[in-house]
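Residue-level structural notes
Residues per chain are reported as follows:
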Amino acid sequence: MVGIVDYGMGNLLSVYNAVETAGGNAKICSTPQELARVSRIVLPGVGAFRDCIKNLTDKGFVDALDEAVFHEGKPIFGICLGMQVMAHRSFEGGEYQGLGWFEADVVRLKPDDPSLRVPQIGWNNVGYRPDSFLFAGHPENPDFYFVHSYYMKCDQKDDIHATCDYGGAVTAAVGKNNIVATQFHPEKSQDYGVQVLQNFLKWRP
Amino acid sequence: MIKRRLIPKLQIRTLNVSGSLRPVLVTTNQFGKHIEIGDPVSQARIYEAQAADELIILDLDATENNRGTLVSVIRKAAEVIFMPFTVGGGVRTVEDFVILLSNGADKVSINTAAVERPDLINEASAALGSQCVVLSIDYRRDEKNRYYVWIKGGKTPTDIEPVSWAAEGERRGAGEILLTSIDRDGMRSGLDLELTRRVVDSVSIPVITSGGCGLASHFVEGYLLGGADAVSAGTYFCFKDENTMQVRSHIKNAGIPIRLHR
């Protein structure tokens, strides 16, 4: 069973439908206790970083995620803001501490090409590391759907699975141990996105 | 490289079909005469198969007390469509945003309510993030070549000028602008490139332009001359044998980055 963390932010219905389409048995988890009963976790998210970490904390998910990910070793997939919140800190609208799972800062997109707009909205192709399980079975440079104004700037280059070009390299996917995350929305990226979710469901970290 | 986007627009009305009220896909001419096309979810599935980049779904009959049609359509669409969609029609409050987002919408467009109470843009973007707030601007050009925003489905004029309204929308937190030329809606005579360019040059958020596509070359003009990040069309894809795949290859051949595969 794949638990989708419901902390009041995120397009849960789309994520639920995409996980089911990818062959998973999805369950929306609105309380931290429910995470104990799933074998994998998806952490979705849209909105602002500050609200995201606050809601996760207020609803008791921070400790539950820590238990599931670091003690029980359950695979977890963060999407968009659900990826960013895994960083050490974010500079979105101030300075906020994140979950600290990745040595990374979340910083505003500053494309060096003035014709590029912020937020980045739309389909961009990603270049992925050949050994990344997330992109197994994909062609070179597949297109995924992005919508974001901030991105995760990683201190550890080994954590980066994929990047896209938006007036400079932008982190598109990260992973380490039993944690993976994408800045793009697999649940909105048609066949390639469903395939990324399938790869996550098959993953045995 | 980020791709330009091709966005089919589905306008729906609640109509009596064989004795029961059902959502029906329609096209319009200059926001006037409606032509019934068919079932909106079936059409959305076709667009999914043809690798459209996003969809815009607008409920022309939605009001505070009649949101059921739109919610039922987007819930069904969300089960079978794995691309982003923007939903609009009758949205007046942050609660309306939440209802539509929780039923499968990725972005919500606001139009009349934003003109009547611009703080709605600030409130929605603060509560839910700029990325889901699309400021939809319907406008006409008058005989003196002045542009004005019209609201209430193109029925009510305002004295607001669309370029400055788009810039104010960005300042208040909108994440995207959806421009629609009422004069050109359904006319298939080409996009309003001049106003599109002026808006693109005055904001730094993405701009979707719409109203008037009748040829594949009109899309190309929208990107190259209008500078739009995305072009949306409804009528164009509902008649003739035109589809998003053919348009996509025209756009590609014009040297514009566009997604070809799903």
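Summary of the structure given here. Bear in mind the structure is a predicted one, so any value in this text is a computation, not a measurement.

1. Side note on the overall build of chain B
Along the backbone of chain B there are 10 helices and 12 strands. Against the globule reference of 18 Å for 262 residues, chain B gives a C-alpha radius of gyration of 17 Å, in line with a compact fold. Principal-axis analysis of the C-alpha atoms gives chain B an extent of 45 × 40 × 35 Å. Burial statistics for chain B: of 262 residues in total, 54% are counted as buried. Across chain B, the fraction of contacts at a sequence separation of at least 24, relative to all contacts at a separation of at least 6, is 65%.

2. Comments concerning the pairing of strand 12 (residues 230-233) of chain B
Residue and element names in this part refer to chain B. Here strand 12 shows two buried faces, one formed by Ala 230 and Ser 232 and the other by Val 231 and Ala 233. Both strand 1 (residues 5-17) and strand 12 contribute to a ladder of four bridges, which runs parallel. Counterpart to Arg 5 in the pairing with strand 12 is Ala 230. Judged from the three bridges that link them, strand 11 (residues 207-210) and strand 12 form a sheet pairing that is parallel. The residue of strand 12 that forms the bridge with Ile 208 is Ala 230.

3. Some words on helix 5 (residues 190-202) of chain A
Note that an α-helix has 3.6 residues per turn; residues three or four places apart therefore point the same way. All names here are of chain A. Over its 13 residues, helix 5 runs 19 Å from end to end, which matches the ideal 18 Å to within 8%, given 1.5 Å per residue. Burial in helix 5 covers these residues: Gln 190, Tyr 192, Gly 193, Val 196, Leu 197, Asn 199 and Phe 200. Here the buried face of helix 5 lies against helix 1 (12-21), strand 4 (76-79), strand 9 (143-148) and strand 13 (179-182).

4. A look at the packing of helix 1 (residues 40-49) of chain B against helix 2 (residues 68-80) of chain B
All names here are of chain B. Where helix 1 contacts helix 2, the two axes come as close as 10 Å, and the packing angle between them is 30°. In this view, helix 1 runs roughly parallel relative to helix 2, as classed from their interaxial angle. Our pair here, helix 1 against helix 2, has a crossing hand that is right-handed. On the side of helix 1, the interface is formed by Pro 40, Val 41, Ala 44, Arg 45 and Glu 48, while helix 2 contributes Val 73, Lys 76, Ala 77 and Val 80.

5. Some details on the sheet that holds strand 5 (residues 87-90) of chain A
Strand order in the open sheet formed by four strands is 6-5-7-10 (chain A), with mixed pairing between adjacent strands. At either margin of the open sheet sits one strand with a lone partner, and together these are strand 6 (96-97) and strand 10 (150-154) of chain A.

6. Looking at the interface of chain B and chain A
Across the contact, 29 residues belong to chain B and 30 residues belong to chain A. Listed by contribution, the elements that provide at least two residues to the side of chain B that touches chain A are helix 2 and helix 3 (94-102) of chain B. Here the side of chain B that touches chain A is built from residues that sort into 12 nonpolar, eight polar and nine charged.

7. Quick notes on the nonpolar core
As a rule of thumb, soluble globular proteins bury nonpolar side chains together. Counting residues in hydrophobic clusters, the biggest one holds 152 residues, and the most contacted among them are Val 108 and Ile 177 of chain B. Counting residues per element, this core draws most heavily on helix 1 of chain A, which supplies six residues. Excluding anything up to four places from it in sequence, Val 108 of chain B contacts Thr 86, Val 87, Gly 88, Val 91, Phe 97, Leu 100, Leu 101, Cys 132, Val 133 and Val 134 of chain B.

8. A look at the environment of Asp 229 of chain B
For Asp 229 of chain B, the location among the structural elements is in the loop between helix 8 (216-224) and strand 12. Beyond its immediate stretch of four places on either side in the chain, Asp 229 of chain B contacts Arg 117 and Gly 122 of chain A together with Arg 4, Arg 5, Pro 206, Val 207 and Ile 208 of chain B.

9. As for the packing of helix 1 of chain A against helix 5 of chain A
Residue and element names in this part refer to chain A. Axis separation between helix 1 and helix 5 bottoms out at 9 Å; the angle between their running directions is 70°. Comparing their axes, helix 5 and helix 1 come out roughly perpendicular. Counting all contacts with helix 1, which are made through Ala 18, Val 19 and Thr 21, the residues of helix 5 involved are Gly 193, Val 194 and Leu 197. Taken together, the residues that form the contact of helix 1 with helix 5 break down as four nonpolar, two polar and no charged.

10. Notes on unusual backbone geometry
In this structure, the amide linkage connecting Val 118 of chain A to the following residue, Pro 119 of chain A, adopts the cis form with an omega of 10°. Along the chain, Pro 119 of chain A turns up in the loop between strand 7 (102-108) and strand 8 (120-128). Unusually for a residue other than glycine, Ala 51 of chain B sits at a positive phi of about 60°. Of note, Ala 51 of chain B is situated in the loop between helix 1 and strand 4 (55-59). Within the chain, Arg 188 of chain B stands out as a residue other than glycine whose phi angle is a positive 60°. Here Arg 188 of chain B shows up in the loop between strand 10 (176-181) and helix 7 (193-202).

11. Side note on the sheet that holds strand 4 of chain A
Residue and element names in this part refer to chain A. On the basis of which strands lie adjacent, the open sheet formed by nine strands has the order 2-1-3-4-13-12-11-8-9 and mixed pairing. Each end of this open sheet is capped by a strand with a single partner; those strands are strand 2 (26-29) and strand 9. Within this sheet the neighbouring strands show an average axis-to-axis angle of 30°, counted without direction. Pairing geometry for strand 1 (residues 2-5) and strand 3 (residues 40-43), over three bridges, is parallel. Paired with Gly 3 across the bridge in strand 3 is Ile 41.

How each quantity is defined
- Residues numbered from 1 in each chain as written.
- Chains lettered and ligands numbered in written order.
- Predicted model: local features only at pLDDT ≥ 70, side-chain atom pairs only at ≥ 80, totals over all residues.
- Helix = DSSP H or I, 4+ residues; strand = E, 2+ residues; numbered from the N terminus.
- Rg over C-alpha atoms; globule rule 2.2 N^0.38 Å.
- Buried ≥ 20, exposed ≤ 12 C-beta atoms within 10 Å, placed from the backbone.
- Contact = placed C-beta atoms within 7 Å.
- Pairing = 2+ DSSP bridges.
- Expected span 1.5 Å × (residues − 1).
- Axes fitted to C-alpha atoms, helices over the stretch in contact; angles between N-to-C directions.
- Parallel < 35°, antiparallel > 145°, perpendicular 65-115°, else oblique.
- Left-handed = near helix turned anticlockwise from the far one by under 90°.
- Nonpolar A, V, L, I, M, F, W, Y, C, P; charged D, E, K, R; others polar.
- Core = buried A, V, L, I, M, F, W, Y, C linked by C-beta atoms within 7 Å.

The analysis is restricted to geometry; functional conclusions fall outside its scope.
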